[in-house]
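Structural overview for review
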Amino acid sequence: ASPQSHAFEWIVHRDIGSGKLAVPSFGDSDGRFRQRYALAVLYYALADVLSYGQTDNWKREFYFLSSLHECEWNDRLEFVAA
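Presented here is a report on the structure given in the accompanying data block. (Residues numbered from 1 in each chain as written. Predicted model: local features only at pLDDT ≥ 70, side-chain atom pairs only at ≥ 80, totals over all residues. Heavy atoms only, no water.)

Things to note about the nonpolar core
As a rule of thumb, soluble globular proteins bury nonpolar side chains together. If you look at the biggest cluster of nonpolar residues, it comprises 11 residues: Ala7, Trp10, Ile11, Ala40, Val41, Tyr43, Ala47, Trp58, Phe64, Leu65 and Trp73. Going through the elements one at a time, α1 (3-16) and α2 (32-46) are the ones with two or more residues in this core. (Core = buried A, V, L, I, M, F, W, Y, C linked by side-chain atoms within 4.5 Å. Buried < 20%, exposed > 50% of the residue type's maximum accessible area, 1.4 Å probe, protein only. Helix = DSSP H or I, 4+ residues; strand = E, 2+ residues; numbered from the N terminus.)

In structure tokens:
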């Protein structure tokens, strides 16, 4: 299956299906649906290539496909006060 079909299955059955994201209506200007779909395509296209030997690396370290806002799908840094 293609990365696009994997992303479609994820967004329909796990993202929207779990209530994490509202179903967009026709003409909806909210870009979250498109943004999450595009990032899911990227994840499925590159996850195996960039996984350091473990296919869930992007999920573990960068929170891809999580319930977080997609702008937070990145490496979490912790700052320690000096």
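Now that the structure is up, let's keep going.
Points about the pattern of salt bridges
Per the counting criterion, the structure on display carries three salt bridges. Notably, a salt bridge pairs Glu70 with Arg36, separated by 2.9 Å at the nearest N-O pair. Here the residue Glu70 occupies a position in the segment after α3 (57-62), and Arg36 occupies one in helix α2, the gap between them amounting to 34 residues. For the pair formed by Glu70 and Arg36, the shared burial category is buried. One continuous salt-bridge network, built from bridges that share partners, spans Asp15, Arg32, Arg36 and Glu70. (Salt bridge = Lys/Arg side-chain N within 4 Å of Asp/Glu carboxyl O.)

With respect to α2
For α2, spanning 15 residues, the distance from its first C-alpha to its last is 21 Å, which sits close to the expected 21 Å at 1.5 Å a residue. Where α2 is concerned, the buried positions are Arg36, Ala40, Val41 and Tyr43. End-on, the buried residues of α2 take up no more than an arc of 160°, which puts them together on one face. (Expected span 1.5 Å × (residues − 1). Arc of directions from axis to C-beta.)

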